Amino acid sequence: MKVLFLAHTEADGSLGKAASEALTAAKTLGGELTVGLYGADVQAAANAVAGCGAAKFYGVAGAEFASARYGSDAAACEAMGKAAGADVIVMPSTSRASRVAAGVAQRLGAVVDTRLTGLEINGGTITATRWFYRQRMLGKIERDARPWLMTIDTGCFAACEAAGAATVELLAVTPATRTKVTEIIAPAADAQTIRPDAKLLLVAGAGWGKSQADGQKHVDEAARLILGLLSATQASLGSSKSLVDQSGEGAALPFLTHMHQVGQTGSTPRHQKGLATCCHGEEPHVVGWRFIAERRAINLDANCGWAQGKADVLYVADAFAVMSKLVDMLK
Ligand SMILES: Cc1cc2nc3c(=O)[nH]c(=O)nc-3n(C[C@H](O)[C@H](O)[C@H](O)COP(=O)(O)OP(=O)(O)OC[C@H]3O[C@@H](n4cnc5c(N)ncnc54)[C@H](O)[C@@H]3O)c2cc1C
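So, a few notes on the structure that sits alongside this text. (Residues numbered from 1 in each chain as written. Predicted model: local features only at pLDDT ≥ 70, side-chain atom pairs only at ≥ 80, totals over all residues. Heavy atoms only, no water.)

Considerations on the sheet that holds strand 4 (residues 88-92)
Move 1: Reading across from one edge, 5-9-4-1-2-3-10 is the order of the 7 strands in this open sheet, with parallel pairing throughout. Because the sheet does not close on itself, it has two edges, and the strands there are strand 5 (111-116) and strand 10 (168-170). Averaged over neighbouring strand pairs, the angle between their axes works out to 20° when direction is ignored.
Move 2: For strand 3 (residues 56-61) and strand 10, the ladder comprises 3 bridges, and the chain directions are parallel. Across the sheet, phenylalanine 57 pairs through a bridge with valine 168, a residue of strand 10.
Move 3: Each of strand 1 (2-8), strand 2 (32-39), strand 4, strand 5 and strand 9 (148-152) is contacted by helix 4 (residues 95-108), which is oriented at about 165° to strand 4, the strand it contacts most. (Pairing = 2+ DSSP bridges. Helix = DSSP H or I, 4+ residues; strand = E, 2+ residues; numbered from the N terminus. Axes fitted to C-alpha atoms, helices over the stretch in contact; angles between N-to-C directions. Contact = heavy atoms within 4.5 Å.)

So, in structure tokens, the structure goes:
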């Protein structure tokens, strides 16, 4: 079996974490491994995994492969896919790779499965696993069709570390592109409040927007405290559905979007620790907490959902007071 690991490099020329993990996944299949890398310059990334056991390194490099763009990325992957003639092609599930995976599979006449979380090989049969229906059902996939292109989710394999000196055969690819990348405009790293790699998840609930003991709403104070804690801890921000719905109507915290919603109809983050504030802890919300290992909550109500076995520690307290003290201490 011929296995091709295919990945883009990062802006600084390195191989990203997701890609090094996907390389470990590719290695678990055994077989004859080829590495294919694309980006502005691929040598540093190839060197970082030079000792991974690959028989061959292909590269497609140059200024037009620096940025994520469908036309150039797909052309680079297609060229390396054809050169390697692999049975199985393994890519990381980064947004850049995911964007071209299906198109590359089509160009190579391959079948494609995305966001795989596990790979096993038994007597030549590959069994891939992935989640369906928001991580409620674990599916196992076996296919006779080859080539089989797969993308691997992050956090499922250890990153491959095998630095050395790699000899890369560069393929000449002239992509037929209509799109020119002129500039990348992105929010400052600090403005991005969804941080999947953070150890702590801070969840804000609708209580932050409700009238408090003095009969008044204190939304500006809530925003200051939440952003203060995020900036002091670099935690990731999540929210309950009630609060993001209100924010969408312009009634609550301006930095919340539906991307922040945690729960049955929201996301299922995987941080080590979670702190819920001003959130009731109802089942449809807590469903999204099932991969959070250590859970704490601050709520005025000693009888809230968190007290019903859903948190390890519940602080029955005013979240405005607790967070204010916490932000001061962290400063
Ligand atoms: C099909 C379906 C799917 C759903 N999916 C989701 C989902 O994916 N995610 C989700 O979040 N919800 C979901 N919901 C909604 C969910 O049932 C709840 O309505 C929602 O999570 C409640 O949000 P909350 O706890 O922020 O607000 P509330 O229930 O209004 O609770 C606010 C809490 O804040 C506390 N509070 C107020 N002031 C303070 C203070 N000063 N200090 C401390 N605590 C304070 C109050 O005691 C209260 O417990 C779903 C519902 C349905 C029917």
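Let's pick the thread back up.
Concerning the pattern of salt bridges
Move 1: Inspection of the entire model under this criterion finds 10 salt bridges.
Move 2: Two residues, glutamate 78 and arginine 107, come together in a salt bridge whose shortest N-O distance is 3.1 Å. Linking glutamate 78 in helix 3 (residues 70-84) with arginine 107 in helix 4, this pair joins segments that are 29 residues apart in sequence.
Move 3: Given the relative accessible area of 33%, arginine 107 is considered partly exposed.
Move 4: The salt bridge involving lysine 241 is made with aspartate 245; its shortest N-O contact spans 3.2 Å. Residue lysine 241 and its partner aspartate 245 are both found in helix 6 (residues 241-248); the two are separated by 4 residues, about one turn of the helix. (Salt bridge = Lys/Arg side-chain N within 4 Å of Asp/Glu carboxyl O. Buried < 20%, exposed > 50% of the residue type's maximum accessible area, 1.4 Å probe, protein only.)

Considerations on the sheet that holds strand 6 (residues 118-122)
Move 1: Sheet architecture is open: 3 strands sit in the order 6-7-8, paired in antiparallel fashion. Looking at which strands have only one partner, the edges of the open sheet turn out to be strand 6 and strand 8 (137-141). Averaged over all pairs of adjacent strands, the angle between their axes in this sheet comes to 25°, without regard to strand direction.
Move 2: Bridging between strand 7 (residues 125-132) and strand 8 involves 5 bridges; their strand directions are antiparallel. Pairing of phenylalanine 132 across the sheet is with methionine 137, part of strand 8.

Any link to function would need more than the numbers given here.
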